Each structure stands twice: as C-alpha cells, then as structure tokens.
Amino acid sequence: MKKIILGALLSSVAAFALQVHPIPVELEQGKKYREFTIDDDSGKYQVYLKKWTQDTKGQEVLEDTDAVVAYPKVLQAPKKIKVYKKRSNLIPQEESYRLILKELNVDKVEGQTRVLKTLSIPVFILPNTQKAKIELECKGNTLQIKNSGNMHYKILSIADKKMAEYVLPNQIKEVEDVKASGTVETNRGNYEYKCESK
C-alpha cells in the first residue's frame, strides 16, 4: 500500500502533513466503489472529481465529469472517501480521473498568513482485460515514450534522471536531453533503450 504525504508551512512556523492512502485509487471491474482515507489535523476539505486526459504533448487536461462521483463532497479530516462509478458497463480501456482535495479556510485569523493545502490524486477505472505495452523511440537526444496498451504507465526514472510522469493509454510522452542509452523505470517494469549515434 502506498501513501503520499504533502507538507507545507503554516503561519511561517508550524508544519502540517496531509496523508492519503492508498495511492493511486483503482476501481476494479465488478466493484461499485473504492474507498480511501485522508488523515490530517482536522482540516476541512472540498472534494472535486475531474476527467483526466492528455494532449498531444502529454500535458494534463482536466474536464468536468458526471461518470464518476466522490462522497462526501465536503469533509472534516480524518475521513474515508468513496469513489463511485455510476455505470457498471465493461470498458476496453482504462479511464483516468483526478480527485482534487482543496482545504477550506474556515478559521481565518487576522494578521496571520495561512497556506491552504491542495492535493490531486490519480483515480483509475480498470478495463475488463488489461494489456500493458510501451514503445520507446529516440529522436536525437529526445526519448519518445508511447503507451500502446490500455492501462497507464508511471515513469519513475530515465537513466539517472528521476521522474514522476504519467503516460495514459494511447498517449505519447517526450523527454528531452536523455542519455544515449539507459533504462526506463516504470510502475510496470523496466525497459532498456539505446539511441543510435549519427
């Protein structure tokens, strides 16, 4: 089980920690909902769900959706959140969403500056049949990563360069200034690449 912790300064002195687990949130076929937990020091949060896609450059695009809902919409931490899929039909390709937690500033104190917490959590609706496939292609010193499967990849590192980038199904991610050869480390295994020198 993975846990993500978001830390920031509070009133320039104290610190807080926002913990959410598990990460990512994955809803399997045949299940109506998935539950996860947010732990905090009694913060109050607004919950949003957005459809998550990527443009031709691999940049994140968020859109409103009603296909998946989260409950409750407003919560006082610590609290469990449930993500529901409205329709239980089988899907050939993984669906991607972002659940966004935004802290509400309910305790305003004059003369103090408060940094409000915001966290974007990946949510995946798994396909009925899972197929993972990735293709690597060099273009000069740029490595093109193409996801030809029906599930997401998370790029953890390329050669000695640490990353935390998602490549959604049927999307391409280009990474510049890579070494001529190395290993692409992902959440689904490691892949070797070698670019031919010209």
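A brief look at the structure comes next. (Residues numbered from 1 in each chain as written. Predicted model: local features only at pLDDT ≥ 70, side-chain atom pairs only at ≥ 80, totals over all residues. Heavy atoms only, no water.)

### Thoughts on the nonpolar core
Counting residues in hydrophobic clusters, the biggest one holds 25 residues, and the most contacted among them are Val20, Phe36, Ile38, Ile81, Leu99, Leu101 and Ile121. Residue assignment for this core shows that the elements contributing at least two residues are strand S2 (14-21), strand S3 (25-27), strand S4 (33-39), strand S5 (44-54), strand S7 (68-71), strand S9 (79-85), strand S10 (95-103) and strand S11 (118-125). If near-sequence neighbours (up to four positions away) are discounted, Ile81 is found in contact with Arg34, Glu35, Phe36, Ile38, Val47, Ala70, Tyr71, Leu75, Leu99 and Leu101. Grouped together as the second largest cluster of nonpolar side chains are 13 residues, Ile155, Met163, Val178 and Val184 included. (Core = buried A, V, L, I, M, F, W, Y, C linked by side-chain atoms within 4.5 Å. Buried < 20%, exposed > 50% of the residue type's maximum accessible area, 1.4 Å probe, protein only. Helix = DSSP H or I, 4+ residues; strand = E, 2+ residues; numbered from the N terminus. Contact = heavy atoms within 4.5 Å.)

### Remarks on the side chain of His152
If you trace the backbone, His152 turns up in the loop between strand S13 (142-147) and strand S14 (153-158). Those residues within four positions of His152 in sequence are excluded, and the remaining contacts are Glu26, Glu94, Phe124, Asn147, Tyr166, Val167, Leu168, Pro169, Asn187 and Arg188.

### Examining the sheet that holds strand S16 (residues 172-175)
With antiparallel pairing, three strands are arranged side by side in an open sheet as S12-S13-S16. For this open sheet the edge positions go to strand S12 (134-139) and S16, each flanked by a neighbour on one side alone. Averaged over neighbouring strand pairs, the angle between their axes works out to 20° when direction is ignored. As judged from the four bridges shared by S13 and S16, these two strands associate in the antiparallel manner. Residue pairing across strands places Gln144 opposite Glu174, the latter belonging to S16. (Pairing = 2+ DSSP bridges. Axes fitted to C-alpha atoms, helices over the stretch in contact; angles between N-to-C directions.)

No statement about biological role is implied by the geometric values presented.
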